[in-house]
Amino acid sequence: MPSNYIKSDITIFNRWGYKVFVQEPYDNQWKGTSRNGEELPPGVYYYVLRIRPEGRKEFVKFGSVSIFK
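Here the structure is a predicted model, which means the values were calculated and not measured. (Residues numbered from 1 in each chain as written. Predicted model: local features only at pLDDT ≥ 70, side-chain atom pairs only at ≥ 80, totals over all residues. Heavy atoms only, no water.)

Student: I tried to follow the pairing of strand 3 (residues 43–51) on my own but got confused; where do I start?
Tutor: Across a regular strand the side chains alternate sides, sitting on one face of the sheet and then on the other. Here strand 1 (residues 8–13) pairs with strand 3 via 6 bridges, running antiparallel. The partner of Ile-12 across the bridge, within strand 3, is Tyr-47. In this sheet, strand 4 (residues 59–67) lies alongside strand 3 in antiparallel orientation, the contact comprising 9 bridges. Within strand 4, the residue paired with Tyr-46 across the bridge is Ser-64. (Pairing = 2+ DSSP bridges. Helix = DSSP H or I, 4+ residues; strand = E, 2+ residues; numbered from the N terminus.)

Below is the structure:
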């Protein structure tokens, strides 16, 4: 992970708005699992990715990802 992304986090929510996964710092290794490491069921999940580079403005990205099985 680049050193300027050490201050980053991702939160993933299910369609009802419950947090199913949180990682800080985020290392781009989410594999469709819950916080406990259990596989999540198929569906659409929503994420908030925050990157706080040192000395620069915070970057926030919102989006969705679908799990198919």
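Student: How should I be thinking about the sheet that holds strand 1 in this particular structure?
Tutor: Sheet strands pair via backbone hydrogen bonds, and the direction of the pair is either parallel or antiparallel. What the 4 strands build is an open sheet, ordered 2-1-3-4; its pairing is antiparallel. The open sheet terminates on both sides in strands that have one partner only, identified here as strand 2 (19–23) and strand 4. Taken over all neighbouring pairs, the strand axes of this sheet differ in orientation by 15° on average, direction set aside. (Axes fitted to C-alpha atoms, helices over the stretch in contact; angles between N-to-C directions.)

Student: Help me understand the side chain of Ser-8, please; the structure alone is not making it clear to me.
Tutor: Relative to the helices and strands, Ser-8 resides in strand 1. A polar side-chain atom of Ser-8 sits 3.2 Å from the main-chain amide nitrogen of Tyr-26. (Polar contact = N/O pair within 3.5 Å; in protein donor to acceptor, adjacent residues only side chain to side chain.)

Student: Would you explain the side chain of Thr-11 in this entry?
Tutor: With respect to the secondary-structure elements, Thr-11 resides in strand 1. On the accessibility criterion, Thr-11 (11% relative accessible area) is buried. Among residues more than four places away in sequence, those in contact with Thr-11 are Lys-19, Phe-21, Val-22, Tyr-46, Tyr-47 and Val-48. (Buried < 20%, exposed > 50% of the residue type's maximum accessible area, 1.4 Å probe, protein only. Contact = heavy atoms within 4.5 Å.)

Student: Got a minute to help me understand the pairing of strand 1 in this structure?
Tutor: Of all 6 residues in strand 1, 5 are buried; the element is thus mostly enclosed. Pairing of strand 1 with strand 2, which is carried by 4 bridges, proceeds in the antiparallel orientation. Looking at the pairing, Phe-13 lines up with Lys-19 of strand 2.

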